[in-house]
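Working through the structure, step by step
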Amino acid sequence: MKRRSYTERAETCKNELAKKLFRLLDKKQSNLALSADVTTCEKLLSLADQLGPEICVLKTHIDIIEDFTPALTQQLRKLADKHQFLIFEDRKFADIGNTVKLQYQKGVYHIADWADIINAHSLPGPGIVTGLAEVGLPKQRGLLLLAEMSSANNFFTPDYTEKTVRLAEQFPDFVMGFITQHKLSEQANWINMTPGVQFAAKGDAHGQQYIEPETAILEHQTDIIIVGRGIIQASDPVAEARKYREAGWKAHRS
């Protein structure tokens, strides 16, 4: 059965950012997200500028930046506009609704002001979604729920994953999809983003388990591959990003 195009799937979404992302995938012919786990402003901005044309999403961990200033996120937003990618802050919120609302909106990082996408654990229940939505919905942001992870011996069970999908279904105006290793639903509106993707499928010393782009897209039927060290540790990150982009797009078109 032929897959729907990303643009066709955009029409099924209630979240405005999900519509924008699906259309962006087709426009750029890229389903590659870059996990930019670097610790300085200069390195993050350099990667965003050099690799921006190849990616649909830039995933950040803003709290590992050692020389953070608010100017960093302002410059990231300019680069996102220049190269047409979305910014995903991988914050993994996991507290009660009122607390995550403050973490999202306040503090040092003011995440809601610059990050298009955030993510959260479903463990606290519906309150975590409603708390984040109070801040994010007026700004047309989107939320991904963590349904599966790529680390070995994690505690995500099939029952927990299923309950996470059910939680998402209660809030389709704000939840745009999942962090997952597999397609989780036949509903076309959900975006499935898969971390732990690398050409040389192996692991690391801390339990990370890698799969190849074709496995993620073709076998597991996910939508966006998230690649980090496979690109940023390469001798030529731009050329390597282009290889991942081409592999991910070829798999989608197959």
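Before going into details, it helps to say that this report is about the structure given with it. Predicted model, so just to flag it, every value in this text is computed and none were measured.

**Things to note about the pairing of strand β5 (residues 142–146)**
In terms of burial, β5 is a largely internal element, five of the five residues being buried. Because side chains alternate across β5, one face comprises the buried residues Gly142, Leu144 and Leu146, and the other comprises Leu143 and Leu145, equally buried. For strand β4 (residues 117–121) and β5, the ladder comprises five bridges, and the chain directions are parallel. Looking across to β5, one finds that Ala120 is bridged to Leu145. Note that the unit made of β4, helix α6 (residues 126–136) and β5 has a crossover that is right-handed. Sheet analysis places β5 next to strand β6 (residues 175–179), joined by four bridges and oriented parallel. Each bridged residue has a counterpart across the sheet, and for Leu146 the counterpart in β6 is Ile179.

**Looking at the pairing of β4**
Consecutive side chains of a regular strand alternate in pointing toward one face of the sheet and then the other. Within β4, five of the five residues are buried, which leaves it mostly tucked inside the rest of the structure. Across the two faces of β4 the burial is the same, with Ile117, Asn119 and His121 and Ile118 and Ala120 all buried. Sheet topology note: the strand β3 (residues 86–93)/β4 ladder contains three bridges and is parallel. Across the sheet, Phe93 pairs through a bridge with Ala120, a residue of β4.

How each quantity is defined
Residues numbered from 1 in each chain as written. Predicted model: local features only at pLDDT ≥ 70, side-chain atom pairs only at ≥ 80, totals over all residues. Heavy atoms only, no water. Buried < 20%, exposed > 50% of the residue type's maximum accessible area, 1.4 Å probe, protein only. Helix = DSSP H or I, 4+ residues; strand = E, 2+ residues; numbered from the N terminus. Pairing = 2+ DSSP bridges. Right-handed = clockwise from strand over helix to strand, strands pointing away.

Bear in mind that shape data such as this cannot, by itself, settle questions of function.
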